[in-house]
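# Topology and contacts: notes
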Amino acid sequence: MSSVNEKRFQNLLDTEKLLNSIQDVDVMLEVLLQEARKIVNADAGSIYVCNDKENRLFIKYSQNDTKQKELAPGEKLPYNFYSFPVDETSISGYSLLRRTIVNIKDAYNLPQDSVYKFNKLPDTDMNYKTVSMLTIPLIIPGVNERALGVLQIINAHDENDNIVPFTQEDELFMQHFAESSTRALERAFLTQTMVLRMARMAEMRDPKETGPHVNR
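Just so you know, the residues in each chain are numbered from 1, in the order the chain's sequence is written. In view of the model being predicted, local features appear only for residues whose pLDDT reaches at least 70, and side-chain atom pairs are presented and counted only at 80 or more, with totals across whole chains, interfaces and linings using the full set of residues. With hydrogens and water excluded, all non-hydrogen atoms of the structure serve as input to the side-chain values.

Here, a salt bridge means any side-chain nitrogen of Lys or Arg that lies within 4 Å of a carboxyl oxygen of Asp or Glu. Evaluated as defined, the whole model comprises four salt bridges. Between K67 and E70 there is a salt bridge, with its nearest N and O atoms 3.1 Å apart. Exposure is judged per residue with a 1.4 Å probe applied to protein chains only, and the accessible area is read against the type maximum: over 50% gives exposed, under 20% gives buried, and values in between give partly exposed. Since its relative accessible area comes to 9%, K67 is described here as buried. When its relative accessible area of 55% is taken as the criterion, E70 is described as exposed.

Here it is as C-alpha cells:
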C-alpha cells in the first residue's frame, strides 16, 4: 500500500470513530460530507436524502471550497433547495436505484447512450463548473434494506490542484466509507425517532408546558 493510500485508510478509520461518536443526524450528515471530500480530495459535494412518501431526493447539505473562499470569513455558503424524483433519468436516482457507484469523468460530456442526464442548473446558479463526479448510494443493508440517500462528491484535485477524474481506488475507498457511514446514520436516525416519540408522548400528557419544553 502506498503512503498516500495508507494516509487515506487511516483517515477512514478516524472518520468512522468520529461518526460513531455523533448522535445528531444533521451534524452527522454535514461531517460525513466533509470527511468524504477530504478522503478523495474533492472540491465540492452534496448529500441528498430520500423522502419515501414522495419518492423524491432532497438536497440536505452542499459544500464547495472554491465558492466558500469567495466569501468573507464566517459567512456560510448559501445553496438553493433542489428536489427531484427517484428515477434513472438523474445521476443520483440512477445510482440509488441501481445500488451502484457512478463515476463520471466529465459531467458535460456524458456518453450519448447514457440513461441519465446531468442537471446543469446548480452550476448555473452558483457560477461553478462540475467536471468529475462520484455518486455513492447510502443504503442500510439487510432484510429490511433501506435507502437513506445519495452522497455526491465533485471535482477531484491532484497534488497540483488540477481537476482530475476520480480513480478506481477512490471508488473502493468511498464504497467502504459509505458502508460504515450508513451504519452510523442508522443509529442516529433511530435515536432521533426515539426522541421525537418521547416528545410526542410528553406533549400528549401536558400539551401546555412539558410538551413544548421537550420539543425545544
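From this point, the narrative continues.
Planes of paired rings set the category: under 30 degrees apart is stacked, over 60 is edge-to-face and the rest tilted, where pairs are Phe, Tyr or Trp rings (Trp by its six-membered ring) whose centres lie within 6.5 Å. Overall, the coordinates contain three aromatic pairs when judged by the stated rule. Between Y94 and Y116, the ring centres sit 5.0 Å apart and the planes meet at 65°, which makes this aromatic pair edge-to-face. Residue Y94 is located in helix 4 (residues 91-98), and its partner Y116 is located in the loop between strand 4 (102-104) and helix 5 (121-126); the two are separated by 22 residues in the primary sequence. The pair formed by Y94 and Y116 is uniform in burial state, with each residue classed as buried. Relative to F118, the ring of Y108 has its centre 5.1 Å away and its plane inclined at 65°; by these criteria the two rings are edge-to-face. Residue Y108 is located in the loop between strand 4 and helix 5, and its partner F118 is located in the loop between strand 4 and helix 5; the two are separated by ten residues in the primary sequence. The numbering of helices and of strands both runs from the N terminus, where a helix is a DSSP run of H or I of at least 4 residues and a strand a run of E of at least 2.

With that settled, consider the nonpolar core. Soluble globular proteins tend to bury their nonpolar side chains together. The definition of a nonpolar core used throughout is a set of buried Ala, Val, Leu, Ile, Met, Phe, Trp, Tyr and Cys residues joined through side-chain atoms within 4.5 Å. Counting residues in each nonpolar core, the largest one holds 27 residues, and the members touching the most others are I136, L151, I153 and M174. Of all the secondary structure elements, the ones that give two or more residues to this core are helix 2 (25-40), strand 1 (42-51), strand 5 (133-140), strand 6 (146-157) and helix 6 (168-205). Among the elements that make up this core, the one with the highest residue count is helix 2 (eight residues).

On to unusual backbone geometry, then. For residues besides glycine, phi is generally negative; the peptide bonds are generally trans as well. Even without glycine at this site, N55 takes up a positive phi of about 55°. Examined against the element boundaries, N55 turns out to sit in the loop between strand 1 and strand 2 (56-64). Judged by relative accessible area, N55 falls into the partly exposed class, the value being 44%. Although it is not a glycine, N155 sits at a positive phi angle of roughly 60°. With respect to the helices and strands, N155 occurs in strand 6. N155 gets classed as buried once you look at its relative accessible area, which sits at 1%.

With eight of eight residues buried, strand 5 lies mostly within the body of the structure. Here strand 5 shows no split at all, with M133, T135, P137 and I139 on one side and L134, I136, L138 and I140 on the other all buried. Summarising the sheet, strand 4 and strand 5 pair through three bridges and their orientation is antiparallel. In the strand pairing of strand 5, V102 is matched with T135. As defined by bridge partners, strand 5 adjoins strand 6 across eight bridges and the pair is classed as antiparallel. Paired with I139 across the strands is A147, a residue of strand 6. The pairing criterion for strands is at least two bridges between them, as found by DSSP.

Glancing now at the side chain of S90. With respect to the secondary-structure elements, S90 resides in the loop between strand 3 (83-85) and helix 4. Contact between two residues is taken to exist if any of their heavy atoms lie within 4.5 Å; hydrogens are not considered. Among all residues touching S90, those that are not within four sequence positions of it are F84, P85, Y116 and K117.

Turning our attention to helix 2. Look at helix 2: 23 Å from first C-alpha to last across 16 residues, which is about the 22 Å you get at 1.5 Å a residue. Of all the residues in helix 2, the buried ones are V25, M28, L29, V31, L32, L33, E35, A36, R37, I39 and V40. Downstream of helix 2 by one or two residues, N41 has phi in the positive range, about 55°. One fewer than the residue count of a helix, multiplied by 1.5 Å, yields its expected span.

These results come straight from atomic positions and should not be treated as a statement about function.
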